[in-house]
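Observations on the model geometry
Residue-level listing of the chains:
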Amino acid sequence: MLTLMHFQIVSAALFSVGLYGVLARRSAVLILMSIELMLNAVNLNLIAIASFTDPERFTGFIIAIFVITVGAAEVGLALAIVLRMFRNRGTVNIDEIELMKW
Amino acid sequence: MSVSAILMMAMWLLSLFTILSLVVLSLIWIERKFLGRLQRRLGPTRTGPFGLMQPVADAVKLVLKEDMLPSWADKAIFWVAPLLVLVPSFMIWVTIPATEGLVVQNLEMGLFVIVALLILSILGILLAGWGSANKYGALGGLRAAAQLVSYEVPLVMVVVSIAILVQSMDLRIIVASQLPLATAQSILGEANQSNVAFNHIGVPLVLIFPLGLVLFLIAGLAEVGRIPFDIYFAESEIVGGPFVEYSGAHWAVFFLAEYINTFVVAALVALLFLAGWHGPLLPPLLWFLIKTYSVILVIYWIRGTFPRLRIDQLMAFGWKGMIPLSFVGVVITSVYRFYDWPNWSLSLMSLTTLAVVGYWMYFKFTRPVIKLARSYGREPGRSRSAR
Amino acid sequence: MIGMEYAWLIPVLSFVAFPLILLLGKFFPGKGSSISIGAMGAGFILFLFVMADLLSNGEDFFSYKWFDVGGVELTWGFIIDPLSVSILGLVTFVALMVQIYSVSYMKDDPRFNWYFGIQAFFAGSMLTLVLADNFLLLYIAWELVGLCSYLLIGFWYERKPAVEAAKKAFITTRLADVALLVGILLLFKQVGSFSMSETFEQAELLMAGANSALSSGTTLIAALLIFVGAMGKSAQVPFHVWLPDAMEGPTPVSALIHAATMVAAGIYLVARTFVIFEAAPDSLLIVAIVGLLTTLMAASMALVMTDLKQILAYSTISHLGLMMLSLGSFGYTAAIFHLMTHGFSKALLFLAAGSVMHGIGRTDIRQMGGLIKVMPLTALAFGIGAVSLGGIPIFAGFWSKDEILLSVLDHRHPIFMILVLVAVFLSALYMARAFFVAFMGELSDENREGHEAPALMAIPMILLSILAVTFGLLALEWTDSFHGIGSFIFVHEGHGFEFNLILGLGSAILAASAFIIAWLIYVKGSVPISPFKRTFAPIISMAERKYYLDSMYQGFIDRVVLVFSALVAKFDRVFVNDVAVNGVAESVKRSAFTLRHHVTGLMYNYAFVMVVGAIALAAAWWAVAVKG
Amino acid sequence: MTWFLFILLSVMVIGGGLGVVTTRNVVHACLFLLFSLLAVAGLYVVLLAEFLAVVQIFIYGGAIIIVLLFAIMLTRSEEYPSISDNSQWPLAVVAGLALFSLLTATFVVNSRSFEVMHRVALTDLGRNLFTDWALPFEIASIVLLLALIGSIVIAKVERRR
């Protein structure tokens, strides 16, 4: 029988994968993609919980909508920053951008 | 879901594919003939009666052509891209009803799904441009992304306006709401399973919301990349853009998808604004086809008469013209719905908007041309007689 | 009818004038001076109304709540009684005269605006001080007066002496102000309020031997501390050193400071708090002794000075001493009366001196002589001032001086009397000397270019001259309803003018003889001065060196203050700066240099640490919440 | 049937995610991301949240992936094919595994037997969104507007004079 736990485990796996991506990738764009994975894991979790537990109220769905919204805003803004970064420093690899070093 | 259901679904899809292929063939033929007539040519005449076999010949030629893969290309993306274009445009037809019952799967938010899938095809174009490792390809891909993302907004806003007007996104309800009340109720009494409340309008939407039709048609043209919005594969500028390296069957897939999408736009215009498959005397399917093909002819007419826009003009038109106008549309429909004004008020509002903006745009777009012409010492329109 | 409840407007007008002049002065006629003069003139007219109201309705005070703090209600308010009103009149009138005079005197100054702004502010502060009904407001105004005098003395701050003089005045009076503050706080501690009326009530209870919040010891200490404060402002020995130096300011400022504002504050303070002094009678003896000492020392110094303004300055100190002596001898009425007569006369003298400087551009009397020929009006004005201060009968100074002598005779030891008479003689002598040397005798060639004062400067002098001549007559009982100033300003009971014929005649003869001697010495030259000089050579040289007080102060500053300061500075540099401040900074810097390597500047390192923290927290929470 | 769909979509989701974080090609990563996100949309359908699924396709497929691709193309550099992980990747593996095991353990231990999925009517969802959640909705719109303006400001090329 399909229960909430299964969806939660999938979402945990997706979140961990995204986390690995955030921590391990060099390219800012790839890190953004990993962040998107994490957001989707959260959304999956939210919707699963809402769908399994909350027949009357729609909190989970609505928060998921807001997460998507904010995710979209974040991508737009972050990519603008990436573009600016590329224009100024010629690279999008965050290990070459260490202005705050020491 | 049982095995038979799956088989049933597969049948549906297969027949849908066949029908769509036939439609595309007809579209190609009509385009050639109609464009030819517009340009005082005959169009294809040799293959079959009235050149009817010409599209078939084209298809055979395309399939038999060598399918080339550029050595620098990103192979995976190069192969995936056509599918990414075709699959969404094909899937759209799953939820478009041709008549009351002629639909694979009617959805409560069918219109929304259609728009979502329509927009998805941008990805394929973008990836095709990228994957072919070609300057023109990449350029075309970028242009496609910019253009399609920009024109997506007015398209969606028009859809939102219609959703506000009709209070539903179910295409069958949208069509039914444009009928006289008694007809609508009798139809929906048997078909409307969820008894969703909707706003009854009673006349084809084009009569009360012509602004929406204009915006939708223009944005739809831009979405499918028809002239005058075909800058992303403009042959004379970037030699085919994203499709520059494609040939043979893969190119045919793009071709197919483009025509299917054109047909989608035309069908949507017919469904949303022209009361769909309803009409006197003739059977519904015929009405649907008549209306859709009429829109297709309008699209070809536009293709035959308008020059291609420059990229900056295109973006300016999109962001400064279409998007504000589409928001105006949302506002006026909201006001109309909120205060429950009579139908004619909305048509008045949209016609006024159209007239004002149309005159302003005409003035704005033609003035530089006139200025240029004056700098050469002649007025446009009098040029022939002056010579 | 405008009554005394509008008295608060008098200072407020001047305070409002201050920013107005500075910000918008250039848009008004007279480059802002009109605002100041207008405010002052309005103040003077208001004073007349208040005076009329006081005469018909009696004294009153008005108090408004300011704010509560720590259970104490602080108020601001004003008191209208004969004392405050008389000083109000003095201040408004003299300040008005001085400001009118200044329009002409300062007309070429680049900081004209600033001058009048500060003038207005100064007058406003002094008026606030006079009207204040509680010690806190009084102290605030007191400090503002000090600040304004600092600004005005140092008005020509391009000149080093002016800067030095301003600093000296400020620091000297500040030293005394600390004592005043401590005194006020002592009283506050025992009474529990800054209100003057409450404090005086307690003091009167103490005097009557009743149960009072004030103890006699505290009262004595407080009275002495307040007196020290008054000594600072009123330039009593040994705080007098700032006043002569204050001549560096513009001459109208000197007139203002000497006649109406700054130095009057001290006398006013002692008079205002006279009840407290009475409650501790020992303090009055000290007041009298200090006053006498000041009078004598200043008079002797005035006799040997050669700078016109310096002579006037020491004359001021001497007369202030006289007033203090009078207060110390229960001559309350006499002191205030003398403050006013002296105020008008001294303002007149300073304005005349200013006119001289304006006319010939010098201040040393040895370079003058015969000026009566080029500036007769100024000479007349100066003469009237000199005669008035010298104590020649019917002129204002005579009447008030006589009152003082009377109270000293009544309440103090005869030795005081003898010394006071000496001082009276000396004061007539130096005034005569200044007048005769400067205005009589030969007119030197370089002074022939001198010119009479312009009208704007002359009018105030004329008005003040009239007052200097006639004001003393107020002391007399003229009609049945007017019993002289003594029935107007008094502490416990009013009394008419008592004229002790022997004393009056004696002092008048003394003064007249001083003038005659001076005439003989400086104009006729018939009495040689050198043998006299030889006989009193030590005293003269001491007086010329200002009794070494300045040098003593300087020496004290050089040997003690500066050495101590150097020590403190060294401590600051070595310990506070190098060890504490820089040491901390250095150690932080060192540790930062070694610890900085964890800051990689790489985003994913930070993200990793963050994630580890989050995971650790989650695990910890889980371990506790789920397992435990 | 749902089990089958669930397993299939989960594998797609996780596989796509792993593809995103392991591939050396950014564009491929983007494609994997699209794949994964569409599979997530499929999972939403399994969860009876069709509207969210369409929104997912609409926003991610139609907007975010495109913008990502756009950014990738605009920042094209020679390094892209060779982009790999940074020097921290083993630690990242450990962190990911730790988080996964922690979360899984939590979910398994705390699992309740929720077995029934509820469908939410689109109209109810919309009504709720525009009444109870109206203020957050407006704030979200402001956030979007600010993000739009901010992106323009940041990415704009200053015209040199």
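To start, this report covers the structure provided alongside it. What you see is a predicted model; the values in this text were computed from it and never measured. (Residues numbered from 1 in each chain as written. Chains lettered and ligands numbered in written order. Predicted model: local features only at pLDDT ≥ 70, side-chain atom pairs only at ≥ 80, totals over all residues. Heavy atoms only, no water.)

Side note on the environment of C:Tyr115
Residues and elements named next belong to chain C. Basically, it comes down to this: Working definition: helices are DSSP H or I runs of at least four residues, strands are E runs of at least two. Numbering for both runs from the N terminus. The classification of residues rests on relative accessible area computed with a 1.4 Å probe and restricted to protein chains. Under 20% of the type maximum is buried, over 50% is exposed, and intermediate values are partly exposed. By definition in these notes, contact holds between two residues if any of their heavy atoms fall within 4.5 Å.
Looking at where Tyr115 falls in the secondary structure, it is placed in helix 4 (residues 112-131). Residue classification places Tyr115 among the buried residues on the basis of a relative accessible area of 0%. For the pair Tyr115 and Ile21, spaced 94 residues apart in the sequence, the C-alpha separation amounts to 9.6 Å. With residues up to four places along the chain from it excluded, the contact list for Tyr115 reads Ser102, Met106, Leu152, Phe155, Pro250, Pro252 and Val253.

Observations regarding the side chain of C:Gln202
Residues and elements named next belong to chain C. Basically, it comes down to this: Polar contact is defined as a pair of N or O atoms within 3.5 Å, subject to the rule that within protein one atom must be able to donate a hydrogen and the other to accept it, and that residues adjacent in sequence are counted only when both atoms are side-chain atoms.
Examined against the element boundaries, Gln202 turns out to sit in helix 7 (residues 196-207). Accessibility expressed as a relative area gives 18% for Gln202, which makes it buried. Engagement of the side chain of Gln202 in a polar contact is seen with the backbone nitrogen of Ala213, the distance being 2.9 Å. Excluding anything up to four places from it in sequence, Gln202 contacts Val191, Ser212, Ala213 and Leu214.

Description of the environment of C:Lys524
With respect to the helices and strands, the residue C:Lys524 is situated in helix 20 (residues 501-524). Between the C-alpha atom of C:Lys524 and that of C:Met440, which follows or precedes it by 84 residues, the distance is 9.9 Å.

Some remarks on the pattern of salt bridges
Residues and elements named next belong to chain C. Using the following cut-off: We define a salt bridge as a contact between a side-chain nitrogen of Lys or Arg and a carboxyl oxygen of Asp or Glu at a distance within 4 Å.
This model, assessed by the stated rule, comprises 15 salt bridges over all chains. Residue Arg111 pairs with Glu158 through a salt bridge whose shortest N-O separation is 2.8 Å. Here the residue Arg111 occupies a position in the loop between helix 3 (82-105) and helix 4, and Glu158 occupies one in the loop between helix 5 (135-153) and helix 6 (160-191), the gap between them amounting to 47 residues. By relative accessible area, which is 15% here, Arg111 ends up buried. Of the residues examined, Glu158 reaches a relative accessible area of 55% and is grouped as exposed.

What about the interface of chain A and chain D?
For interface size, the figure often reported is the accessible area lost on association. Inclusion rule: Take the accessible area each of two parts loses on contact, using a 1.4 Å probe, and add the two losses: that sum is the buried area. Residue classes follow a fixed rule: Ala, Val, Leu, Ile, Met, Phe, Trp, Tyr, Cys and Pro count as nonpolar, while Asp, Glu, Lys and Arg count as charged, and any other residue, Gly among them, counts as polar.
Taken together, the contact pairs 72 residues of chain A with 82 residues of chain D. Of the roughly 7000 Å² buried at the junction of chain A and chain D (both faces included), carbon and sulfur atoms supply 77%. On the chain A side of the interface with chain D, the three residues burying the most area are A:Tyr20, A:Arg25 and A:Met33, jointly 9% of the side's total. Taken together, chain A and chain D are joined by zero salt bridges. Scanning the region where chain A abuts chain D turns up 11 residue pairs in polar contact (both at pLDDT 80 or more). For the side of chain A that touches chain D, the secondary-structure elements that each account for two or more residues are helix 1 (4-24), helix 2 (28-53) and helix 3 (59-89) of chain A. The leading source of residues in the side of chain A that touches chain D is helix 3 of chain A, at 23 residues. When its residues are assigned to classes, the side of chain A that touches chain D shows 46 nonpolar, 18 polar and eight charged.

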